Structures are given as C-alpha cells and as structure tokens.
Amino acid sequence: GLEGLKSTRNRVKIVFPKVSQLLEYRRTMALAAPEVVALSTLGFDPVERRDKVVVIVAPEPDDEEGLAAMQELLCPADSEDAIQQPVVILNYHMV
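Note that the structure is a prediction, hence the values are computed from the model and not measured. (Residues numbered from 1 in each chain as written. Predicted model: local features only at pLDDT ≥ 70, side-chain atom pairs only at ≥ 80, totals over all residues. Heavy atoms only, no water.)

Some thoughts on the layout of surface pockets
Rule in force here: A cavity here means a set of points on a 1 Å grid, drawn over the protein atoms and nothing else, where a 1.4 Å probe fits but cannot get out; a pocket is an open set with protein on both sides within 12 Å along at least five of seven lines, and a residue lines either one if it has an atom within 4 Å of a point. Grid points are joined across faces, edges and corners, and a volume is the space filled by probe spheres set on the points.
Of the volumes computed, that of the largest pocket is approximately 450 Å³. Along the walls of the largest pocket sit 17 residues, with Asp-45, Val-47, Asp-81, Ala-82 and Ile-83 positioned nearest its centre.

Below you can see the structure in the form of structure tokens.
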C-alpha cells in the first residue's frame, strides 16, 4: 500500500491520455495487481472512490482533445464529480 495514508487498501490510479500509452505501459511493466495500481485513460470515467492517489500523465501540449479531457477531469462542470483524492500530474513533456 501507500505509506502514510490510512486505509486497509491503498490504491494508486494512473490515468493515461491515450489508450496506446496505457497499452505500452502494460507491455513494459510486469504489473498484475489492480488492487494496488489501477490503470485508466482520460475520458473513460478514470477515477473511482477506492483510489487513494490519482496520477495523471499529462497529454502532449498540442493535444487539444486530451487537454480538454484533463481539464474536465480536474474541474468538472458538476462539482459533485470533482476528484476528492490527492492528484499528481506527471508532465514528462517538460523534462
């Protein structure tokens, strides 16, 4: 689990901007524990209540559709859909 977070099960959700990136991650990582690390993509209801930390892999700077999906995830039109968990945005384009 994730140290420092109080819960019987701590799960990280990694949200990819594109399905192809999620599939590439699955091919390269030997990860078979969805109760610890769950994977999703932007625009496909990516966050669940049992996720304790949400890691969003930022879309490319010129991916307007991906950026709009990320914006909607972070600031939804309906405030009841807002993410309650801590969020980490990984912008590997700036590295």
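As for the pairing of strand E2 (residues 37-41)
Here is the rule we go by: Residue burial is assigned from relative accessible area. The probe radius is 1.4 Å, only protein chains are included, and a residue is buried under 20% of its type maximum, exposed over 50%, and partly exposed in between. Helix and strand assignments follow DSSP, with helices taken as H or I runs no shorter than four residues and strands as E runs no shorter than two, numbered in order from the N terminus. What makes two strands pair is DSSP finding at least two bridges between them.
Most of E2 sits inside the fold, with five of its five residues counted as buried. By the alternation rule, side chains of E2 split into Val-37, Leu-39 and Thr-41 and Ala-38 and Ser-40, which are all buried. Where strand E1 (residues 11-16) meets E2, five bridges bridge the pair, whose relative direction is parallel. The partner of Phe-16 across the bridge, within E2, is Thr-41.

Looking at the pattern of salt bridges
Note the following rule: Salt bridges are counted wherever a side-chain nitrogen of Lys or Arg sits within 4 Å of a carboxyl oxygen of Asp or Glu.
Per the counting criterion, the structure on display carries five salt bridges. Of the charged contacts in the structure, one is a salt bridge between Glu-48 and Arg-11, with a shortest N-O distance of 3.3 Å. Placement of Glu-48 in the loop between E2 and strand E3 (51-57) and of Arg-11 in strand E1 is noted, with a sequence separation of 37 residues between them. Given a relative accessible area of 38%, Glu-48 falls into the partly exposed group. Looking at Arg-11, the relative accessible area reads 4%, which means it is buried. For Arg-27, the salt bridge identified is with Glu-24, shortest N-O distance 2.7 Å. In this pair, Arg-27 and Glu-24 both sit in helix H1 (residues 19-28), three residues apart, roughly one turn of the helix. On the basis of relative accessible area, Glu-24 is assigned to the partly exposed category, the value being 39%. Each of Arg-11, Lys-13, Glu-48 and Asp-51 takes part in a single network of salt bridges with overlapping partners.

Thoughts on a nonpolar patch on the surface
Test applied: Patch membership needs two things, relative accessible area over 30% and no salt bridge, and members are linked within 9 Å if like-charged or within 5 Å if nonpolar (Val, Leu, Ile, Met, Phe, Trp, Tyr). Note on areas: these come from Shrake-Rupley sampling with a 1.4 Å probe, and a residue is covered only by the protein chains present in the view.
The grouping of Val-19, Leu-23 and Phe-44 at the surface amounts to a nonpolar patch, some 290 Å² of accessible area in total. For Phe-44, the location among the structural elements is in the loop between E2 and E3.

What about the sheet that holds E2?
Inclusion rule: The axes used here are C-alpha line fits, helices contributing only the stretch in contact, and every angle between their N-to-C directions lies in the interval 0 to 180 degrees. Contacts are assigned to residue pairs with any non-hydrogen atoms lying within 4.5 Å of each other.
Strands sit in the order E2-E1-E3-E4 across an open sheet of four strands; the sheet is parallel. In this open sheet, the two edge strands, each paired with only one partner strand, are E2 and strand E4 (87-90). Put simply, the sheet's adjacent strands are angled 20 degrees from each other on average, direction ignored. Note that E3 and E4 share four bridges and pair parallel. Considered in E4, the bridge of Val-55 is made with Val-88. Strands in contact with H1 are E1 and E2; relative to E2, the strand with the most contacts, it is inclined by about 155 degrees.

None of the figures reported here should be taken as evidence of function without further support.
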